[in-house]
Amino acid sequence: MMSRRAARTAIVVVVAAAASLVASGCGNKQAIVTSATTEGVWIDAGPLEYHIQASRLLEPGEIPDYAYLKGLPPGSTQPTGKEVWFGVFLRIENNSKRSAPTAKQFEITDTQGTTFSPYAINTSINPFAYQPTVLQPGKVVPVPDSPQDFDSVSGALLLFKIPLANYQNRPLEFKVHSADGSPPAEASVDLDV
């Protein structure tokens, strides 16, 4: 039979071992994530981390969607009955120890291999539009206290026009390409549509 003191010591050892296992599992983040099957996962392209805050169809006649569609390039046409506006709202963090440029190239690809690029929105007209920048260590996009940050999704907007036929070819895959080519050069996430 075990003494009370020995039993307490055994319990303390077991509890400490269990706490150690739990603690080591909690901080165990995969070093580099280049592919995700849902928007809730941070992905890495170059030294920066990218997160889809939201992705959805945009309705030009609805609030706040009409504001997201300001600043389109000259000659842009509204979607026909066979096309839709699609917005991806992005957050980017620089958790590295050096400055790094944010991505300049994004795309959405459907399951048939058709690729779509975002529109170049005039950021002086549309404060929600994504604009490439250089992020200092510890900094984020959207910039705190900016219109992008105060928006309901708190993300910088990338705007796509997608034919309905292609929108049906899901899952749609969103790709980010590292701005300076540093590894990982590309990361992707399946959009939750």
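As shown above, the structure is provided for reference.
A. Up close: the environment of S178. Along the chain, the position of S178 falls in the loop between β11 (173-177) and β12 (186-190). C-alpha separation for the pair S178 and Q105, spaced 73 residues apart in sequence, amounts to 7.8 Å. If we skip the residues at most four places from it in the chain, S178 touches A45, G46, P184 and A185. Here the side chain of S178 touches D180 through a polar contact of 3.1 Å, side chain to side chain. Only 3.4 Å separates the side chain of S178 from the backbone nitrogen of G181, close enough to count as a polar contact.

B. Examining the nonpolar core more closely. Y50, V88, F106, I108, F160, I162 and F174 are the most contacted members of the largest nonpolar core, which has 31 residues in total. The residues touching F174, leaving out its near neighbours within four places in the chain, are I52, V88, L90, F106, E107, I108, L158, F160, A187, S188, V189 and L191. Y68, F89, I121 and L159 belong to the second-largest nonpolar core, a separate cluster that totals 13 residues.

C. Region of interest: the pairing of strand β6 (residues 105-109). Burial runs high along β6: four of the five residues are buried. Where β6 meets β11, five bridges bridge the pair, whose relative direction is antiparallel. Bridging across to β11, F106 finds its partner in V176. Bridging between β6 and strand β7 (residues 115-116) involves two bridges; their strand directions are antiparallel. Across the sheet, the residue bridging to I108 is F116, located in β7. The antiparallel hairpin formed by β6 and β7 contains five residues in its connecting segment, where G113 sits at a positive phi of about 90°.

D. Spotlight on the side chain of S146. As for its position among the elements, S146 is in the loop between β9 (140-141) and α3 (147-150). Given a relative accessible area of 15%, S146 falls into the buried group. A polar contact is formed between the side chain of S146 and the backbone oxygen of V143, at a distance of 2.7 Å.

E. Broad picture of the environment of I52. One can find I52 in strand β3 (residues 48-58). Separated by 104 residues in sequence, I52 and A156 have C-alpha atoms that sit 9.6 Å apart. Not counting chain neighbours up to four residues away, the residues in contact with I52 comprise E39, V88, F89, L90, F174, V189 and L191.

F. Highlighting the packing of aromatic side chains. Overall, the coordinates contain six aromatic pairs when judged by the stated rule. When the ring of Y68 is compared with that of F89, the centres are 5.1 Å apart and the planes differ by 65°; the resulting orientation is edge-to-face. In this pair, Y68 is assigned in helix α2 (residues 65-68) and F89 in strand β4 (residues 83-93), connecting sequence segments 21 residues apart. Note on Y68: relative accessible area 1%, which makes it buried. When the ring of W85 is compared with that of Y119, the centres are 5.1 Å apart and the planes differ by 75°; the resulting orientation is edge-to-face. Placement of the pair is W85 in strand β4 and Y119 in the loop between β7 and β8 (134-135), with a sequence separation of 34 residues. For Y119, a relative accessible area of 25% corresponds to the partly exposed category. Among the aromatic residues, those joined into a ring-pair cluster are Y68, F89 and F128. Sitting over the ring of Y167, R170 keeps its end group 5.0 Å from the ring centre.

G. Molecular detail of the pairing of β4. With respect to burial, β4 is a largely interior element, ten of its eleven residues being buried. As defined by bridge partners, β3 adjoins β4 across nine bridges and the pair is classed as antiparallel. Directly across from Y50, in β4, lies its bridge partner I92. As paired strands, β4 and strand β10 (residues 156-163) are joined by eight bridges and run antiparallel to one another. Counted as the bridge partner of V84 is I162 from β10.

Conventions adopted
- Residues numbered from 1 in each chain as written.
- Predicted model: local features only at pLDDT ≥ 70, side-chain atom pairs only at ≥ 80, totals over all residues.
- Heavy atoms only, no water.
- Helix = DSSP H or I, 4+ residues; strand = E, 2+ residues; numbered from the N terminus.
- Contact = heavy atoms within 4.5 Å.
- Polar contact = N/O pair within 3.5 Å; in protein donor to acceptor, adjacent residues only side chain to side chain.
- Core = buried A, V, L, I, M, F, W, Y, C linked by side-chain atoms within 4.5 Å.
- Buried < 20%, exposed > 50% of the residue type's maximum accessible area, 1.4 Å probe, protein only.
- Pairing = 2+ DSSP bridges.
- Phe/Tyr/Trp six-rings, centres within 6.5 Å; stacked < 30°, edge-to-face > 60°.
- Lys NZ or Arg CZ within 6 Å of the ring centre and 35° of its normal.

Coordinates in, geometry out; function isn't part of it.
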